[in-house]
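Topology and contacts: notes
Below, each chain spelled out in residue letters.
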Amino acid sequence: MEVWKIIKFKYIFACILIMFIMSCLISIASISIDECKYEITTQSAQYNNHNQQNNDDSIEKKSLHRLAILVPFRDRFEELLIFVPHMKEFLDKQNIDYHIFVLNQIDRFRFNRASLINVGFLEINKEFDYIAIHDVDLLPINDELLYSFPNKGPYHVSSPELHPRYHYPTFVGGILLIKREHFLQVNGMSNKYWGWGLEDDEFYVRLKEAGLIIVRPQNISTGTHNTFKHIHDRNHRKRDMIKCYNQREVTRKRDRQTGLNNVTYKILGTIAMTIGDTPLTVLNISLMCDKMTTPWCECDKIVGSKDGKSKEKKKS
């Protein structure tokens, strides 16, 4: 009986010892698991923080300057459908913070590209600190062409050495980037140019008189045939080149009467829309015409045509 008690005591002691050891092991294992979880969480947090920092840097870089792309427009929807997705793909590579504004002229007068640009500039949010005056039918296809903030002066992207059609040295049409303060400095563009052409030439004179240096792309690896894609079909949509009244004489001179400060217009609607996955804003603009100063905003097409043809022949 005495022996049995001793054995029983040893058995109970052994059980207690085993349970104690197992409890210790479980406690240690539990601590290890918690430590592992903590390490994983910490590493994950560090990774997320790193990503967040990168994203913040990217956002900061992207929001440093905001670009408003001003597109003078009338009845060219097919070209707009090509333009918008192309520009998104092109500008996203450069991390440009931009928004496209389509300046849609809906009045009865002849097309006035310069006045539309003036209106677009006045209507865009002041958060945009530079603009691109951009033809809808001219698409950049060389990634060396930059749309970054034009620190040094107006930046003529479609320079005469690169534009597919216009090669004279004073040409500043097609695509021009300009800071908000520089556009204000020259009082925008002339409002006298109804119909096609010459408004850019007058704007060039404004820039030069203000002492602004026009910067152009340098060391571009392409030329006039492969830097841009020009999608305008002259047979499908003829340009309004009629000249009537004294339009030819007046529009060959520097305009010191009109500009950003006296463009007259109404906004008849603002439409937010998306083409593909690109948001843009359409401004429906009705321009006003002072027929005492610019009667050629409505030309008699028969008289105008004859006048235009006879003067062209004389010039030839």
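Anything mentioned here points back to the structure above.
In what follows, the accompanying structure is described. (Residues numbered from 1 in each chain as written. Predicted model: local features only at pLDDT ≥ 70, side-chain atom pairs only at ≥ 80, totals over all residues. Heavy atoms only, no water.)

1. Side note on the pairing of strand β8 (residues 265-275)
Where β8 meets strand β9 (residues 278-287), ten bridges bridge the pair, whose relative direction is antiparallel. Along β9, the bridge assignment pairs Thr274 with Pro279. Two successive antiparallel strands, β8 and β9, enclose a turn made up of two residues, where Gly276 displays a positive phi of approximately 65°. (Pairing = 2+ DSSP bridges. Helix = DSSP H or I, 4+ residues; strand = E, 2+ residues; numbered from the N terminus.)

2. Considerations on the pattern of salt bridges
A side chain of one charge can pair with a side chain of the opposite charge when the charged atoms of the two come close. Counted by the stated rule, this structure contains 21 salt bridges. With a closest N to O distance of 3.1 Å, Arg108 and Glu298 form a salt bridge. Of the two residues, Arg108 is situated in the loop between β2 (97-105) and α3 (113-123) and Glu298 in the loop between β9 and α7 (301-315); the sequence distance between them amounts to 190 residues. Taking relative accessible area as the criterion, Arg108 reaches 61% and is therefore assigned exposed. The residue Asp200 makes a salt bridge to Arg113 at a minimum N-O spacing of 2.8 Å. Placement of Asp200 in helix α5 (residues 199-209) and of Arg113 in helix α3 is noted, with a sequence separation of 87 residues between them. Take Asp200 and Arg113: they sit in the same class, and that class is buried. Put simply, Lys192, Glu202, Arg206, Glu209, Arg254, Asp255 and Arg256 are held in one network by salt bridges that share partners. (Salt bridge = Lys/Arg side-chain N within 4 Å of Asp/Glu carboxyl O. Buried < 20%, exposed > 50% of the residue type's maximum accessible area, 1.4 Å probe, protein only.)

3. Focus on empty space enclosed by the protein
Considering all chains together, one arrives at two cavities of 30 Å³ or more under this definition. One number sums up the size of the largest cavity: a volume of about 40 Å³. Surrounding the largest cavity, Tyr193, Trp194, Gly195, Trp196, Gly197, Leu198, Lys243, Gln247 and Thr251 form its lining. Considered class by class, the residues forming the lining of the largest cavity number four nonpolar, four polar and one charged. Each pocket or cavity is described by its volume, and for the second largest cavity that value is around 30 Å³. In terms of lining residues, the second largest cavity is bounded by Arg113, Ile133, Val172, Gly173, Gly174, Leu176, Asp200 and Phe203. Of the residues that constitute the lining of the second largest cavity, the class distribution is four nonpolar, two polar and two charged. (1 Å grid on protein atoms, 1.4 Å probe; cavity = no way out; pocket = protein on both sides within 12 Å on 5 of 7 lines; lining within 4 Å. Points joined across faces, edges and corners; volume = space filled by probe spheres on them. Nonpolar A, V, L, I, M, F, W, Y, C, P; charged D, E, K, R; others polar.)

4. As for the environment of Asn151
Examined against the element boundaries, Asn151 turns out to sit in the loop between β4 (138-140) and β5 (155-156). As a C-alpha pair, Asn151 and Lys179 span 28 residues in sequence and 7.9 Å in three-dimensional space.

5. Structural notes on the state of the cysteines
Here a disulfide denotes one covalent bond, and it connects the sulfur atoms of two cysteines. Under the defined criterion, the tally for this structure stands at two disulfides. Paired through a disulfide, Cys244 and Cys299 show a sulfur-sulfur distance of 1.8 Å. Its S-S torsion of about -80° marks the bond between Cys244 and Cys299 as left-handed, since a negative value means left-handed. Placement of Cys244 in the loop between β7 (228-230) and α6 (247-250) and of Cys299 in the loop between β9 and α7 is noted, with a sequence separation of 55 residues between them. The burial state of Cys244 is the same as that of Cys299; both residues are buried. (Disulfide = S-S within 2.5 Å.)

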